[in-house]
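# Structural features, examined
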Amino acid sequence: MYADNSVLLALDDEWSALLLEGDTICGVSGKALVLLDVEDRARVVGQPFARLLYQRITASLKEDIRESIESTGRWHGELKMRRGEDWFWAECAIRRLPSKNGEPRSLCCFRDSTRQKELEHQVFISECYDTLTSLPNRAFFGYRLSIEVDKASRIPSRTLLLLLIDIDHFKLINDSLGHAFGDRVLKEIAKRLDACIDHSMLLGRIGGDEFALVLKSESKPALLPKVRKVIEAVTTPIKIDQHDLSFTCSAGASCYPDDAKEADILLKHAELAMAAAKEQGRNQMLFFEKRMNASAMRRLLLPNYLRRAVERQEFEVYYQPKQRLCDLEIYGMEALIRWRSPDLGWVPPSEFITIAEELGLIHEIGTWVLRTACAKAREWQREGCRSMSVSVNLSGKQFQQQDLDATIAAVLAETGLPPERLELELTESSVMLHPEESAFALQRLKKLGVSVSVDDFGTGFSSLNYLSVFPLDTLKIDKSFVQAMTNDAKNAVLVEAIVDLGHKLGLAIVAEGVETPEQREMLSSYGCDCIQGYILSPPVDAASFKERYLRQG
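Residues numbered from 1 in each chain as written. Predicted model: local features only at pLDDT ≥ 70, side-chain atom pairs only at ≥ 80, totals over all residues. Heavy atoms only, no water.

### Observations concerning helix α8 (residues 263-279)
Between the first and last C-alpha of α8 there are 24 Å, a value that for 17 residues agrees with the 24 Å anticipated at 1.5 Å per step. Every buried residue of α8 is listed here: Ala263, Leu266, Leu267, His269, Ala270, Leu272, Ala273, Met274, Ala276 and Ala277. Where α8 is buried, its residues touch α4 (138-152), β6 (159-167), β8 (210-217), β11 (249-256), β12 (284-287) and α9 (290-312). Backbone geometry just downstream of α8 places Gly281 in the positive-phi region, at approximately 110°. (Helix = DSSP H or I, 4+ residues; strand = E, 2+ residues; numbered from the N terminus. Expected span 1.5 Å × (residues − 1). Buried < 20%, exposed > 50% of the residue type's maximum accessible area, 1.4 Å probe, protein only. Contact = heavy atoms within 4.5 Å.)

### A closer look at the pattern of salt bridges
In total, this model carries 32 salt bridges according to the counting rule given. Of the charged contacts in the structure, one is a salt bridge between Asp244 and Lys239, with a shortest N-O distance of 3.6 Å. Judged by relative accessible area, which is 56%, Lys239 ranks as exposed. Taken together, the shared-partner salt bridges connect Glu334, Glu425, Lys476 and Glu512 into one network. (Salt bridge = Lys/Arg side-chain N within 4 Å of Asp/Glu carboxyl O.)

### Overview of the packing of helix α11 (residues 362-382) against helix α13 (residues 404-415)
Put simply, α11 and α13 touch, their axes get as near as 9 Å, and they point 30° apart. One way to sum up the angle between α11 and α13 is to call them roughly parallel. In the crossing of α11 with α13, the sense of the turn from one axis to the other is right-handed. For the pair α11 and α13, the contacting residues are Thr367, Leu370, Arg371, Cys374, Ala375, Arg378 and Arg382 in the first and Thr407, Ile408, Val411, Leu412, Glu414 and Thr415 in the second. (Axes fitted to C-alpha atoms, helices over the stretch in contact; angles between N-to-C directions. Parallel < 35°, antiparallel > 145°, perpendicular 65-115°, else oblique. Left-handed = near helix turned anticlockwise from the far one by under 90°.)

### Quick look at the side chain of Asn491
For Asn491, the location among the structural elements is in helix α18 (residues 489-504). When near neighbours in sequence (up to four residues on either side) are disregarded, Asn491 contacts Phe481, Ala484 and Met485.

### Structural notes on the sheet that holds strand β7 (residues 202-207)
Strands sit in the order β7-β8-β6-β11-β12 across an open sheet of five strands; the sheet is mixed. A single partner strand is all that each edge strand has here, and the edge strands are β7 and β12. Between one strand axis and the next, the sheet turns by 20° as a mean value, whatever way the strands run. Pairing of β11 with β12 involves four bridges; the strand directions are parallel. Bridge pairing links Ala253 to Phe287 in β12. Lying over the sheet, helix α7 (residues 220-235) contacts β6, β8, β11 and β12, oriented at roughly 20° with respect to β6. Along the sheet, α8 makes contact with β6, β8, β11 and β12, crossing β11 at roughly 150°. (Pairing = 2+ DSSP bridges.)

### Here we look at the state of the cysteines
All chains considered together, the criterion is met by zero disulfides. The structure places no disulfide on Cys196, whose sulfur is separated from the nearest cysteine sulfur, that of Cys249, by 11 Å. (Disulfide = S-S within 2.5 Å.)

### Overview of the packing of α8 against α9
Relative to each other, α8 and α9 sit at 80°, their axes nearing to 10 Å. Between α8 and α9, the interaxial angle falls into the category roughly perpendicular. Contacts from Lys268, His269, Leu272, Ala273, Ala276 and Glu279 of α8 reach α9 at Met292, Asn293, Ala296 and Arg299. In terms of residue class, the contact of α8 with α9 is made up of five nonpolar, two polar and three charged. (Nonpolar A, V, L, I, M, F, W, Y, C, P; charged D, E, K, R; others polar.)

### Some points on the sheet that holds strand β1 (residues 16-21)
Overall, antiparallel pairing links the five strands, which are arranged β2-β1-β5-β4-β3 in an open sheet. Because the sheet does not close on itself, it has two edges, and the strands there are β2 (24-28) and β3 (74-83). The average undirected angle you get between the axes of adjacent strands in this sheet is 35°. When β3 meets strand β4 (residues 86-100), the two strands line up antiparallel, connected through 10 bridges. Counted as the bridge partner of Leu79 is Ala90 from β4. Seen against the sheet, helix α2 (residues 59-72) touches β3 and β4 and runs at an angle of roughly 140° to β3.

### Notes on the nonpolar core
Counting residues in hydrophobic clusters, the biggest one holds 80 residues, and the most contacted among them are Tyr319, Leu422 and Leu523. Of all the elements, α11 adds the most residues to this core, at eight residues. Leu422 has contacts with Leu370, Cys374, Val390, Val392, Ile408, Leu412, Leu417, Val450 and Ser451, leaving out every residue within four places of it along the chain. With 33 residues, the next largest nonpolar core counts Phe181, Val185, Leu186 and Ile197 among its residues. (Core = buried A, V, L, I, M, F, W, Y, C linked by side-chain atoms within 4.5 Å.)

### Quick look at the environment of Ala373
Among the secondary structure elements, Ala373 is positioned in helix α11. Each C-alpha atom, one on Ala373 and one on Arg312, is 19 Å from the other, the two residues being 61 residues apart in sequence.

### Thoughts on the packing of aromatic side chains
Taken as a whole and judged by the stated rule, the model has 13 aromatic pairs. Ring geometry for Phe315 and Trp368: centres 6.3 Å apart, planes at 50°, overall tilted. Here Phe315, found in strand β13 (residues 315-324), pairs with Trp368, found in helix α11; they are 53 residues apart in sequence, far enough to count as distant. Trp368 sits in the partly exposed class, given a relative accessible area of 24%. (Phe/Tyr/Trp six-rings, centres within 6.5 Å; stacked < 30°, edge-to-face > 60°.)

### Examining the layout of surface pockets
A volume near 1,100 Å³ is recorded for the largest pocket. Glu334, Leu336, Pro349, Asn393 and Asp455 are the residues nearest the centre of the largest pocket, which is lined by 39 residues in total. If you list the elements that add at least two residues to the lining of the largest pocket, you get β14 (330-341), α10 (349-358), α11, β16 (389-394), α12 (396-399), α14 (428-433), β18 (451-457) and α17 (479-484). Considered class by class, the residues forming the lining of the largest pocket number 13 nonpolar, 16 polar and 10 charged. Along its surface, the second largest pocket is lined by 20 residues, and Gly22, Asp23, Ile65, Ile69 and Ser106 are the ones closest to its centre. For the lining of the second largest pocket, the element with the highest residue contribution is α2, accounting for six residues. Classifying every residue of the lining of the second largest pocket by side-chain character gives 10 nonpolar, three polar and seven charged. (1 Å grid on protein atoms, 1.4 Å probe; cavity = no way out; pocket = protein on both sides within 12 Å on 5 of 7 lines; lining within 4 Å. Points joined across faces, edges and corners; volume = space filled by probe spheres on them.)

So far we have only geometry, and geometry alone does not tell us how the molecule works.
So this is what it looks like as structure tokens:
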């Protein structure tokens, strides 16, 4: 086959060879004929090399091959080649040879790489696609998102909307019906989403029950109907076997170029919007807002700042007065923790108490508040100030502490505060979490001589039977009922019923969050014993409380 020794290359059994003059085949190895499924050498020799290719050689590919051979003397790559009526992937290595009679020559060695290509494709699928839904996974979706962003950057009028969807409370499906059933539900949701998108959209599953889509248009308003269609596809009831299932979802969206011009930041902003949708009650979609960035950074930094606050004692105890309605006398005070961070400013308890529980700091913080409040109350007693009881809140985690009664006894002994001057406030939900254990824990606390109240009453799911079993002294009506009762007759009935129920059980009733004279008058008419709220005073520091309420006489 070969005309001279210059084309004799050491080829192993895997490789076939073609000799080219210009773009025309002038020689072919026997193995090449077998691989190409051609019996007659004449059907190959004299034909353009492009005739053997299954794909159309583009001008750019042809130019790449020519430039590579001219600059380096060789080209290496993959091409689709014909095999009869079929085709196969071929790994090709083209090497420049000395010219003959002024005609450029080259040797094309190739071998069947179809199996290798299939294996590569299988690896690609396993690495880039979700095995359950066959949708792009998080990594591959992010890669394709970056491509879409790059394309959009070259089209001034192009708007991209990245939409993340999380199925609300999906864990309940897995816990109650099993993970296999949950997988069937996810496959059905993925099928619905795939059916409602067009070729211009990008869809992926980027988490357990979290899906992502990229929508494209010339304007943000034009995308909203598509968004509604997608949400409807998720929330339409699903019937699997004998189960009829209804879902809500929390969704977050960010837009290119308004919210970000880089794919990773666009994804981060959509995640922040989705997290905000969950925090605000779920079953809604929110667009990204810049303030979400600041909130996320604050949540990220808060645990470290909280640890430092414990070490540096950055907390303060404020006090809010409580008033008897029968004589309008200030009879007690509630101790409330406040945190003024040097870096974050005032941080409300609603923001850091849960984090303190997660970090295991709540016992230390709670004991500090208890000790500080008891010590201050005892200090004022020694100074001859008006005698008042002090209420201290216990978190759910504190109430579960096995040695809580020992801790409180130690604080009372250390500070010298008489037990009857201390009231412990527990939330309704913490008491009802484990009712039997709570009953024993409350009995141990009562043996110390302290009083116990249930805070935020009406917001949990109490069994009324336990109110007669628990050794309680006071019910505190949650402020949400108090603030709504002047405009809502049903809330007013509930408040009156709680007062009546509490009295029949021998409990004192305190109403929280009282802000107006009208509310105070209504509560007085219902027979409520005491009130607390801004109508008297917001929580104030110890010096201000002493000045306002503890003057003797």
